Amino acid sequence: EFAQNPRSAARFGLDSQDAWNSHPALVGIENLEDYSLVIVLTDNATTARSWVEQVQPSLKDVPLLMVASSQAGPLIAPYVESGQVEGMISGLTGGLAYERLSGSSGAGHSYWDAFYIGLVLAAALILLGAIAQLLPSPSSRRRRRKKV
């Protein structure tokens, strides 16, 4: 319904007002071809696939872009490769790459730093656990002393 007639499919905005007449950016928009660009934000590959299969054919020359989670990215990639989706940013690394290319600084770096610190701590804990397994336990030392 949204692909065919967006005004009737989504009549109200988040503020419960008439979305199409109360927001200046939407005045004059009658169908999806009136947009200059459509960006879909999703963490679900099924939602992305629905947009590509049901809405993208109605867009004609309007580009369709995706911003997806790292889990959904690999499942959306074939649509990018086929040209049905003109571009995609996927996951934290994709967001960081976009920040670098655009020259902007967003929250991506702080998320990446936290992720990196978490990985280093996890690796350190695994290493400490492995070392602890290699060392003889105090109870095994006592058993050896009693046998001697």
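All residue numbers refer to positions counted from 1 along the written sequence of the respective chain. Side-chain atom pairs in this predicted model are given and counted only at pLDDT of 80 or more, local residue features only at pLDDT of at least 70, and totals for whole chains, interfaces and linings cover all residues. As a convention, hydrogens and water are excluded, and side-chain values are obtained from all of the structure's heavy atoms.

A.B. asks: Mind showing me how you'd approach the pattern of salt bridges here?
C.D. replies: Opposite charge on two side chains lets them pair, provided their charged atoms get close. Salt bridges are identified by distance alone: a Lys or Arg side-chain nitrogen within 4 Å of an Asp or Glu carboxyl oxygen. Counted under the stated rule, the structure contains 3 salt bridges. Across the salt bridge formed by Glu-33 and Lys-60, the nearest N and O atoms sit 3.4 Å from each other. Pair noted here: Glu-33 is in the loop between α2 (19–22) and β1 (38–42) and Lys-60 is in the loop between α3 (45–59) and β2 (64–68), with a separation of 27 residues, a long-range link. For Lys-60, a relative accessible area of 58% corresponds to the exposed category. Notably, a salt bridge pairs Arg-49 with Glu-53, separated by 3.6 Å at the nearest N-O pair. In this pair, Arg-49 and Glu-53 both sit in helix α3, 4 residues apart, roughly one turn of the helix. Helix and strand definitions follow DSSP, with helices as H or I runs of at least four residues and strands as E runs of at least two, each counted in order from the N terminus. Classification of residues uses two cut-offs on accessible area relative to the type maximum, computed with a 1.4 Å probe and protein chains only: under 20% is buried, over 50% is exposed, and between them is partly exposed.

A.B. asks: What's the story with the sheet that holds β2 in this structure? I'm lost.
C.D. replies: Backbone hydrogen bonds hold the strands of a sheet together, and the pairing may be parallel or antiparallel. When DSSP finds at least two bridges between two strands, those strands are taken to pair. Ordered by their spatial adjacency, 3 strands build an open sheet running β1-β2-β3, and the pairing between neighbours is parallel. Of all the strands in the sheet, just β1 and β3 (87–90) have a single pairing partner and so form its edges. If you compare each strand with its neighbour and ignore which way they point, the axes differ by 15 degrees on average. Bridge analysis of β1 against β2 gives 5 bridges, and the strand direction is parallel. Its bridge partner being in β2, Ile-39 is matched across the sheet by Leu-65. Throughout, a residue-residue contact means that at least one pair of heavy atoms, one from each residue, lies within 4.5 Å. Axes here refer to lines fitted to C-alpha atoms; in helices the fit is confined to the stretch in contact. Angles between the N-to-C directions go from 0 to 180 degrees. In the packing of α3 onto the sheet, contacts are made with β1 and β2, and the angle to β2 comes to roughly 165 degrees. Packed onto the sheet, helix α4 (residues 73–82) meets β2 and β3 and runs at close to 165 degrees relative to β3.

A.B. asks: So what exactly am I meant to see when it comes to α3 here?
C.D. replies: Since the α-helix packs 3.6 residues into each turn, any two residues three or four apart lie on the same face. Helix span, as expected, comes to 1.5 Å for every residue beyond the first. Helix length check: α3, at 15 residues, gives a terminal C-alpha distance of 20 Å against a target of 21 Å (1.5 Å per residue), a fit within 8%. A residue's bend is the angle separating two fitted axes: one through the seven residues that end there, the other through the seven that start there. At Glu-53, α3 is deflected by roughly 35 degrees, the largest bend along its length, and proline Pro-57 occurs up to four residues later in sequence. If you check which residues of α3 are buried, you get Ala-45, Ala-48, Val-52, Val-55, Ser-58 and Leu-59. In this fold, the buried residues of α3 make contact with β1, β2 and α4.

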